[in-house]
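Below, each chain spelled out in residue letters.
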Amino acid sequence: MVELSNGVAVVTGAGSGIGRQTAEEFGERGAAVVGADVDVEGGEETVSRIESAGGEARFVEADVTDPEQTEAMVAVALEEFGRLDFAFNNAGIGGPQTPIQETDPEDWQTVVDINLVGVFNSMHAELDAMQDQEEGGVIVNNSSVLGQVGFEGASGYVAAKHGVLGLTKTAALENGETGVRINAISPGFIDTPLLEEGGITSDPAVRDAIEGRHAMNRLGDPAEISSAVVWLCSDEASFVTGETLAVDGGYLSQ
Ligand code: NAP
């Protein structure tokens, strides 16, 4: 069993889906959690779930596209819990589902701002705090299988998620000797509100087609992602940095 006792974790996009599940799992494994989100109600609900299970957590309203807000998020971890050991940079949106020429450039930019610039802003704030500690820290960035292959109608999302992998590798190189490990995960399609809002799980025919792109012919569960994130954060992954871990039911094997 992976133990993260006495650690402090920041999770962006903690108010829903994969972020909520991972925040709860950090709490179950003994870490204090700072959950950040633009969704105040969702974020507060995550915090109360962690507390009800006996863990410690704080919510901070933070939009990852604003570097001042990601700085403030890390400041809450330091002020409330004294340190920052783990960060799961997960906040993201699906964005438009249209071919490039039919995509509004402003909508495209918004997807890149949240899904890619948001990860840069988060790491920009987290790295100083982790480098200042003798024990270092661990960052996991949430990419996607669509960070490794294309997907028709999702150019902004695909470009941003590919970018997250480049950022992750560069951060790992810059931090090889600072004691901070930085990795990414590439989930396959996971059953969360994001897929429902994107019309994937709300339409049985679309759901079937998407399931069929996975060798295991099903969607993933958020808990199948959170267990990979906490493993990457643990000492069991002490020689893993700059890596992308696909947790995708075989999506990328085809
Ligand atoms: P989700 O259930 O929609 O959760 C995402 C959370 O992030 C929501 O609470 C959302 O708030 C929040 N958020 C959006 N913009 C934000 C911002 N600017 N700053 C801070 N928080 C923000 O989605 P999910 O499926 O768990 O996705 C989480 C991450 O996993 C995303 O990066 C996504 O790309 C990635 N991922 C998901 C899948 C999948 O199939 N579900 C697969 C691969 C990768 P609002 O609801 O108010 O927007």
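Residues numbered from 1 in each chain as written. Predicted model: local features only at pLDDT ≥ 70, side-chain atom pairs only at ≥ 80, totals over all residues. Heavy atoms only, no water.

Structural notes on the packing of aromatic side chains
- Counting across every chain of the model gives three aromatic pairs.
- Geometrically, the ring pair formed by Phe26 and Phe86 is stacked, given 5.9 Å between the ring centres and 10° between the ring planes. Of this pair, Phe26 sits in helix 1 (residues 17–28) while Phe86 is found in strand 4 (residues 86–89), placing the two residues 60 residues apart along the sequence. Phe86 carries the same exposure label as Phe26, and that label is buried.
- Measuring from ring centre to ring centre gives 5.7 Å for Phe151 and Phe189, while their planes differ by 45°; the resulting arrangement is tilted. With Phe151 in the loop between strand 5 (137–142) and helix 5 (155–174) and Phe189 in the loop between strand 6 (180–187) and helix 6 (193–197), this residue pair connects regions lying 38 residues apart in the sequence. (Phe/Tyr/Trp six-rings, centres within 6.5 Å; stacked < 30°, edge-to-face > 60°. Helix = DSSP H or I, 4+ residues; strand = E, 2+ residues; numbered from the N terminus. Buried < 20%, exposed > 50% of the residue type's maximum accessible area, 1.4 Å probe, protein only.)

Some words on the pairing of strand 4
- Every second residue of strand 4 is oriented toward a common face, with Phe86 and Phe88 on one face and Ala87 and Asn89 on the other, all of them buried.
- As paired elements, strand 1 (residues 8–12) and strand 4 share three bridges and run parallel to each other. Note that in strand 4 the partner of Val10 across the bridge is Ala87.
- In this sheet, strand 5 lies alongside strand 4 in parallel orientation, the contact comprising four bridges. Bridge assignment links Asn89 to a residue of strand 5, and that residue is Asn141.
- Following the chain from strand 4 across helix 4 (residues 105–131) to the adjacent parallel strand 5, one finds a crossover that is right-handed. (Pairing = 2+ DSSP bridges. Right-handed = clockwise from strand over helix to strand, strands pointing away.)

A short note on unusual backbone geometry
- The backbone of Asn6 shows a phi angle near 70°, a positive value even though the residue is not glycine.
- By the secondary structure assignment, Asn6 is in the segment before strand 1.
- On the basis of relative accessible area, Asn6 is assigned to the exposed category, the value being 71%.

Digging into the pattern of salt bridges
- As enumerated under the stated definition, the model contains ten salt bridges in all.
- A salt bridge links Arg58 to Glu80; the nearest nitrogen and oxygen atoms lie 2.4 Å apart. Of the two residues, Arg58 is situated in strand 3 (residues 57–61) and Glu80 in helix 3 (residues 67–81); the sequence distance between them amounts to 22 residues.
- Here Glu80 falls in the partly exposed class, since its relative accessible area comes to 43%.
- Beyond isolated ion pairs, a larger network of salt bridges with shared partners links Glu24, Glu45 and Arg49. (Salt bridge = Lys/Arg side-chain N within 4 Å of Asp/Glu carboxyl O.)

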